[in-house]
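Report on the structure
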Amino acid sequence: MMHRLRLTLTLMLVAAAALPWNATAVDGRPFSSFASFNKFSPNYTENLLVRSLFDIGQGKLQPALNTINELLKLAPNFQLAHLVRGDLLMAYAKQPQAFASGVSSPERTKDFREEARVRIERYLDERPQRIPEPLWQLHDSQKYAIVIDTNRSRLFLYSNERGKLRYLADFYVTVGKNGAEKQTEGDKRTPVGVYYASSKLIQKLPDFYGYGAYPLNYPNEWDVRQGKNGSGIWLHGTPSNTYSRPPRASDGCVVMTNPDLKAIAPALSSGNTPVIITDNLTWQGESENAVLQREALMQTLETWRKDWQSQDTDRYLSHYANEFFSSGNTDLNAWKAHKQRIQSRSDNVQVKLGNVDMYRYPSKSKAMAIVSFDQDYKSNLLSNKMRKRQYWVLENKRWKILYEGPA
């Protein structure tokens, strides 16, 4: 009977997840990250769900039911938890069924399996405690950074503590119905790139958005250059009658449970929190080449500053890529002509850069990075301070500026 219960309750889920239901999967290791969570933490509900599923996998039906009951007291609108509880009750009634057999729609059955799979896989993966490779450098006033992995349906939150990044927490998210790499309006895909979250919208929104919404600046400069369009990409919550949505269910936005969104609200309060969205997240230390690229870009940025300040126009302009464009859609030739005119009349130039932040841009076609900084420029003609943003690209093994404009 016990073997039959395990088979009917979990075999289909396990097959879909390709997870190792054995001693190493339940000896405490998958729950190592649970230690930082308590019953007041939004991730506590996920803790309980995963623990219940592991108990089912070991045939511990009563502990699994106790855990699910505790979960539903905290999150009574958690549909996946209700489904697991229903299957457990059917097993106790000696009427075991296949996972999610009570769901009328095959598509919804698939959705529940996928949600269970990605939630379990997170707790078999110890890497999220490390720092994502795209987070190359934050400046002092940037207290938080967010990285979203669409393949893992996961949002990772990090704090910046005197220049050192520290992992804080990670959360399940929903992304576009058709996955990542948004191209056009209505394609139901989530964009991939480096974005910044605005402050929470203050106008009253429909219940569909739950706790609230934080707009992302999609399309960014590089998106527009590539001809991508669309708008209204937000980080938002779920309706009041819904705890979580399936991994792929949005029209392109990133959707979190309302408790999770409330939990990260302090990290979004500045209105300029970097949000990196990728569909292939890697971690620092996994690629020596990434480390070398980051160090080379830091050195090249300083060389660019010195060449500009020295008024060596040819060397200064050599830092710009063949495909360069500016905020006014200026191409490389027009940019060169403009800078040559200005520098021919400028003396006593001083250029200072401060509050530099730097991220590897998640691009499959080019090795890219995005850099922002406070620029303090002085000459006999002009004194100007501004926040500037540049996109850099590796061109013939050299970092070159692909875009430059105000941040």
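First, a word on what this report is: a plain description of the structure on this page.

This part takes up the packing of helix 3 (residues 44-57) against helix 5 (residues 79-92). Packing of helix 3 against helix 5 leaves a shortest axis separation of 11 Å and a crossing angle of 25 degrees. Put simply, helix 3 runs roughly parallel to helix 5. The interaxial crossing formed by helix 3 with helix 5 has left-handed handedness. Here helix 3 contributes Leu49, Ser52, Leu53 and Ile56 to the contact with helix 5, which in turn contributes Leu80, Ala81, Val84 and Leu88. Split into classes, the residues belonging to the contact of helix 3 with helix 5 amount to seven nonpolar, one polar and no charged.

Time to look at the sheet that holds strand 4 (residues 164-172). Taken in spatial order, the five strands make up an open sheet running 4-3-2-11-6, and their pairing is mixed. The two strands at the open ends of the sheet, each matched to only one other strand, are strand 4 and strand 6 (193-197). Taking each pair of neighbouring strands and ignoring which way they run, the sheet shows an average axis angle of 25 degrees.

Attention shifts here to the packing of helix 3 against helix 6 (residues 106-122). It is at 10 Å that the axes of helix 3 and helix 6 come closest, and there the two elements cross at 95 degrees. Regarding the angle of helix 3 to helix 6, the classification is roughly perpendicular. Packed against helix 3, whose contacting residues are Glu46, Leu49, Val50, Leu53 and Phe54, the element helix 6 presents Ala116, Arg119 and Ile120 at the interface. A per-class count over the contact of helix 3 with helix 6 returns six nonpolar, no polar and two charged.

It is worth spelling out the sheet that holds strand 8 (residues 234-236) at this point. With respect to topology, three strands assemble into an open sheet ordered 7-8-10, the strand pairing being mixed. What marks the edges here is a single partner per strand, and that holds for strand 7 (213-215) and strand 10 (254-255). Sheet contacts for helix 8 (residues 258-268): strand 7 and strand 8; angle to strand 8, the most-contacted strand, approximately 135 degrees.

Tallied over the entire structure, the rule returns 25 salt bridges. With its nearest N and O atoms 3.5 Å apart, the salt bridge here joins Asp111 to Arg108. Residue Asp111 and its partner Arg108 are both found in helix 6; the two are separated by three residues, about one turn of the helix. Residue classification places Arg108 among the partly exposed positions, given a relative accessible area of 26%.

As a further point, take the layout of surface pockets. A volume near 310 Å³ is recorded for the largest pocket. Of all elements in the fold, only helix 11 (332-344), strand 14 (368-378), strand 15 (383-395) and strand 16 (398-406) reach the threshold of two or more residues within the lining of the largest pocket. Approximately 250 Å³ is the volume found for the second largest pocket. Along the wall of the second largest pocket there are 15 residues; nearest its centre are Asn280, Arg360, Pro362, Ser363 and Lys364. For the lining of the second largest pocket, the per-class residue count stands at five nonpolar, five polar and five charged.

Here helix 11 is 13 residues long and its end C-alpha atoms lie 18 Å apart, about the 18 Å a rise of 1.5 Å per residue gives. Inspection of helix 11 places Leu332, Trp335, Lys339 and Gln343 among the buried residues, and these make up the whole buried set. Down the axis of helix 11, the buried side of the element spans an arc of 60 degrees, and every buried residue falls inside it. Looking at helix 11, the residues exposed on the side facing more than 90 degrees away from the buried face are Asn333, Arg341 and Ser344. Looking at the buried positions of helix 11, the neighbouring elements they touch are helix 9 (288-309), helix 10 (313-317), strand 12 (320-326) and strand 16. Residue Asp331 occupies the N-cap position of helix 11, its side-chain oxygen lying 3.4 Å from the main-chain nitrogen of Asn333.

Cut-off values and rules
- Residues numbered from 1 in each chain as written.
- Predicted model: local features only at pLDDT ≥ 70, side-chain atom pairs only at ≥ 80, totals over all residues.
- Heavy atoms only, no water.
- Axes fitted to C-alpha atoms, helices over the stretch in contact; angles between N-to-C directions.
- Helix = DSSP H or I, 4+ residues; strand = E, 2+ residues; numbered from the N terminus.
- Parallel < 35°, antiparallel > 145°, perpendicular 65-115°, else oblique.
- Left-handed = near helix turned anticlockwise from the far one by under 90°.
- Contact = heavy atoms within 4.5 Å.
- Nonpolar A, V, L, I, M, F, W, Y, C, P; charged D, E, K, R; others polar.
- Pairing = 2+ DSSP bridges.
- Salt bridge = Lys/Arg side-chain N within 4 Å of Asp/Glu carboxyl O.
- Buried < 20%, exposed > 50% of the residue type's maximum accessible area, 1.4 Å probe, protein only.
- 1 Å grid on protein atoms, 1.4 Å probe; cavity = no way out; pocket = protein on both sides within 12 Å on 5 of 7 lines; lining within 4 Å.
- Points joined across faces, edges and corners; volume = space filled by probe spheres on them.
- Expected span 1.5 Å × (residues − 1).
- Arc of directions from axis to C-beta.
- Polar contact = N/O pair within 3.5 Å; in protein donor to acceptor, adjacent residues only side chain to side chain.

From the geometry alone we can't say anything about function, so treat these as descriptive.
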